[in-house]
Structure formats: C-alpha cells, structure tokens
Amino acid sequence: MTSSPSLFQRISRTKPIDLAARQGGMAGGSSMRRSMSLFQLTMLGVGATVGTGIFFVLAEQVPTAGPAVLVSFLIAGFAAGLTALCYAEMSSMIPVSGSSYSYAYATMGEGIAFMVAACLVLEYGVSAGAVAVGWSEYLHDLLLTTTGVELPRALLHAPLVADGYRLHFGGDGLINLPAAVLVFLCCMLLARGTRESARANAIMVVLKLAVLALFIALAFTAFDPDNLAPFAPHGMGGISAAAGSIFFTFIGLDAVSTAGDEVENPRRNLPLAIILALVIVIGFYLLVALAALGAQPQSLFEGQEAGLSVILRNVTGSAVPAVILSAGAVISVFSVTLVVIYGQSRILYAMSRDGMLPPIFSRLNPVTQTPTANTLIVSCFVATIAAFLPSDVLWDLTSMGTLTAFSVVSMGVIILRYRRPDAERGFKVPFFPVLPVLSILCCLYLISSLPGIVFRLTAIWLICAAAFYLFYSSRNSALEPKTTGE
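Residues numbered from 1 in each chain as written. Predicted model: local features only at pLDDT ≥ 70, side-chain atom pairs only at ≥ 80, totals over all residues. Heavy atoms only, no water.

Broken down by element type, the protein carries 18 helices and two strands. Looking at the protein as a whole, 59% of its 486 residues qualify as buried. Sequence-distant contacts, at least 24 apart, represent 83% of the contacts inside the protein between residues at least 6 apart. Summed over its atoms, the accessible surface of the protein is roughly 17,800 Å², and 68% of this surface lies on carbon and sulfur atoms. (Helix = DSSP H or I, 4+ residues; strand = E, 2+ residues; numbered from the N terminus. Buried < 20%, exposed > 50% of the residue type's maximum accessible area, 1.4 Å probe, protein only. Contact = heavy atoms within 4.5 Å. Areas by Shrake-Rupley, 256 points an atom, 1.4 Å probe, with all protein chains shown as cover.)

Moving on, we come to the layout of surface pockets. In this structure, the second largest pocket spans a volume of roughly 360 Å³. What lines the second largest pocket is a set of 16 residues, and nearest its centre among them are Val121, Leu348, Leu357, Phe361 and Trp461. Counting only elements with at least two residues in the lining of the second largest pocket, the list comes to helix 7 (110-147), helix 14 (319-353), helix 15 (372-388) and helix 18 (452-476). For the lining of the second largest pocket, the per-class residue count stands at 15 nonpolar, one polar and no charged. (1 Å grid on protein atoms, 1.4 Å probe; cavity = no way out; pocket = protein on both sides within 12 Å on 5 of 7 lines; lining within 4 Å. Points joined across faces, edges and corners; volume = space filled by probe spheres on them. Nonpolar A, V, L, I, M, F, W, Y, C, P; charged D, E, K, R; others polar.)

Per the stated rule, a full pass over the model turns up two cavities of 30 Å³ or more. Reported here for the largest cavity is a volume of approximately 60 Å³. Forming the boundary of the largest cavity are Met36, Leu44, Leu190, Thr194, Ser197, Ala198, Asn201, Leu338, Val339 and Tyr342. In terms of residue count, helix 9 (residues 194-219) provides more of the lining of the largest cavity than any other element does, four residues in total. In the lining of the largest cavity, the residues fall into seven nonpolar, three polar and no charged.

Summarising the element assignment, Ser326 is placed in helix 14. When the C-alpha atoms of Ser326 and His140 are compared, they prove to be 9.2 Å apart, with 186 residues separating the residues in sequence. Ignoring sequence-local partners within four residues, the contact set of Ser326 consists of Tyr138, Asp141, Leu142 and Ser309.

Turning next to the confidence of the model for the protein. Across the protein, pLDDT averages 81, with 89% of residues at or above 70. When mean pLDDT is compared element by element in the protein, helix 18 scores highest at 89, while strand 2 (residues 166-169) scores lowest at 64. Contacts from residues 25-30, a stretch scored under 50 in pLDDT, to residues over four places away or in other chains number 15 contacts. (pLDDT = per-residue confidence, 0-100.)

The next subject is the nonpolar core. A general tendency of soluble globular proteins is for nonpolar side chains to be buried together. Counting 143 residues, the largest nonpolar core has Leu41, Leu58, Ile94, Tyr101, Phe215, Leu308 and Met351 as the members making the most contacts within it. With 18 residues, helix 7 is the single largest residue contributor to this core. (Core = buried A, V, L, I, M, F, W, Y, C linked by side-chain atoms within 4.5 Å.)

Next comes the structure, spelled out in structure tokens:
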C-alpha cells in the first residue's frame, strides 16, 4: 500500500519540465490546436495592454503624480521590461498554458504555484472587470455624442464604494450594466474558437493603434509646455504611487504566455512576441500620455470620464474626432477584455489539467477544442465584479496580482539557471543574475506603494485560496501518488 505524502511534501513537489512540455504538446501531447501565429500572438499582448493604461489610467493617476506620471510610466515600463526578458526565457523553456503558475510549479513547488495562480485570478479576473467598467464610460460617451441618448446613472455605476480599508454600499448606481454586457459578448466570441478570437483581436488592435495615432497627431497641435508645470506636485511619493497602480496595464506580457498550448512554434514565438509587445506598448503609452498632458491642464484630469475623447473635442472644437476616438476606445477595450478573459480561462485550464481545480475547467468542446464551460464560469465571475465593484479598487488589486506573478517569474529564472543549466532555452536573459534580481526589486518596490485596502483584500483572498488548496487541490493533484491496496 502506498502511503500518502505529508503536507510539506505536497507543497514542495515540483512538476518536471519534461512533463510540462509533453502536456503542452511539444511531444504531441496537446489536445488544443496550435493555430496562433507570431503576429496574432504579439497582437494578443498588445491587445491586453494598450487601452487599459491609456484610455482610463490618466484620469486616475495624473491627480496622484501630476505630469510626472510620465516618469511613473517609465518606472513601470522599466520594471516590465526587466520582467519581459525573464518571461521570454521561461516561456522558451516551458512553452505551455498557465503562465507564471506553470513556471512556479516547475521551480518552486506546488503550494507556491497554487498561491501564484490565486494572484493570477486577481490579475486577470479583476482586471477584466476593471477594464469593462472603463468601457461603459466610453460607450456612454459615444451614445451621448452620436445620438443624444443618456443612460441612467443607476445603470452605469457600481453600488459599492471604497473608503480607506473597507468596502461599503453608498455608490450612486445599482449596477454597471454595460460592463456586464461586454463581458458576455467576449464570452460568446471566445466560445467560437481560438482562431476566430485571435483574428478578431488582431483586427481590433490594429484599429486601436490607428485611433491612438490620430489622437497623438491632433493633441500635439495644441501642446502647451506650461501644462507640464508643476511637473511633480506630489513629489516622489506621488510618482511611486502612480507607478504601482499603472503597472497592472502591463498584464499583456503575461497574457502572451498563457497561449503556450495554442501558438505555432512556441519556443521561438513566445519570447519574441513578449518583447515585440513590450516595445509597442511603451512607445504608445509615452506618446499618448505626453500629448494628453500637453493639451490639457493637469487639474482637469481628475474625475474625467472618457478623458481622451473630451481632450480631442476641446482641442478640435469638433465632435467628429471625439466620436472616432470614443468608437476606437469601445473597440479597443473590447479587445482588452477579450484577451484577459482568454488568459484567465487558459490558466484555469492548466490548473485543472494538473488536478488543482475540478475537471470542468479542463473539459474541451469537441468542435472548437476550447474550454467552453471554463470560459462561461470565468465570464460570470468577471461580470459580477464589473457590475458591482468600484474601478479604483479593481486597478490596484490587478497591480498586486501582476507584480506578484512577475516577481515569481524572475525568481524562477534564477532557480532554473542553477537547477537546470542544461535545459533547452530558446532565449536567455542577458547580464544574469543582475537583471532578474533588479526585476524582483522593482516589483517589490511597486508593491510597497499600493494602498492598504489592497493588502487587506489580497490577504483575505489568499487565505481562502490556501484553504481550497489544503482541502481539495493537494489531494487531487496529478502528482499525488495513487493509493493502492490489496
């Protein structure tokens, strides 16, 4: 009879890299279709990133940092760049779905991997809700500008508000209905299949970048250097706080690695797509932020809904460019929500395949070869968050999940360099171990700048996740020895 392992043995057991590769289809073991090209994969990363930070975050973070929010973008981008190199190496070694969860499972053990996965749920599920909340603002602006129809505030805002360390009822709405509708539209598209979803996302991303290029060109015609003064009214504290919140917008780097089971030539295309997406994202972030700050006094950003659209309307004196931008934002944020829900469902798929979650999350539709039931469950969860929680808390919770996941990936690179120096790598982080250590330090610095309510909510969530692991996941793991008897 085989004895059950101890709790420590369960927490510390790691998943062999070779087994992960076989499950990911490197030896023909994948049941998902490899239908995603390098261009589509890069657009997946850009689609999950450009849009969230640019269309919404300026209204949230310019009041915090002033025009020095440009420095906040650079700090967040620098940290993301360091981490992108680490992601590139890890994804070239372990080219499977699951992102940092799969990487942690191969390097730090099952227990830590499960807690990382819990953080990924914050990163993906909560961010999809946050983005959907912003989408409803631009949709309302587009409807109001083009048709004069104004939706009731009760259907545009959440009933809960954040006050210091607690959430309570007191918002001016009953439900954010457009946000919930957006989530289910994305669910319907994802249910049609990965190839169709990736193609639709690539088209939407190209349109998004074209609209942002239009904004940059028009906003720079009204650029006033005086709008950049005072540059840092709240000092380094404001810059750091904004950088910590902005970091969640780089979720797209992680989203690329969730497609490991469905991308062509993953050892080459995963790291390449991560780096290409990062370059595109940082370039657009800085140009749009600089154009917006130069075109409008910093005092007008606070509380400004559909801010970029309002800036164009004021700059041009015409509603036409604003309508184009609002329409672009509606399309853009649709693609962000689509990719983030996709990423979340693929992480849960990988966990279910490992026995960490019930089998329903890894059950594939026989026609589309996609986890349809999984996608529907994720969409219901995200829609609830988007409908009832305030966006400011959602931004910061996403940053916590993203920073935690990024730290784990950087640590994983260091661990595997020493444990498995002979393992096949399609890409290697330069200046090892300096860059991975810098990546970890940058992430910890940004985590320290997040507000207290985020730490409290994250702690509650992780306690619940730990309980689930102890009572279900650790006993149903695919690595659990099979008990035999006479």
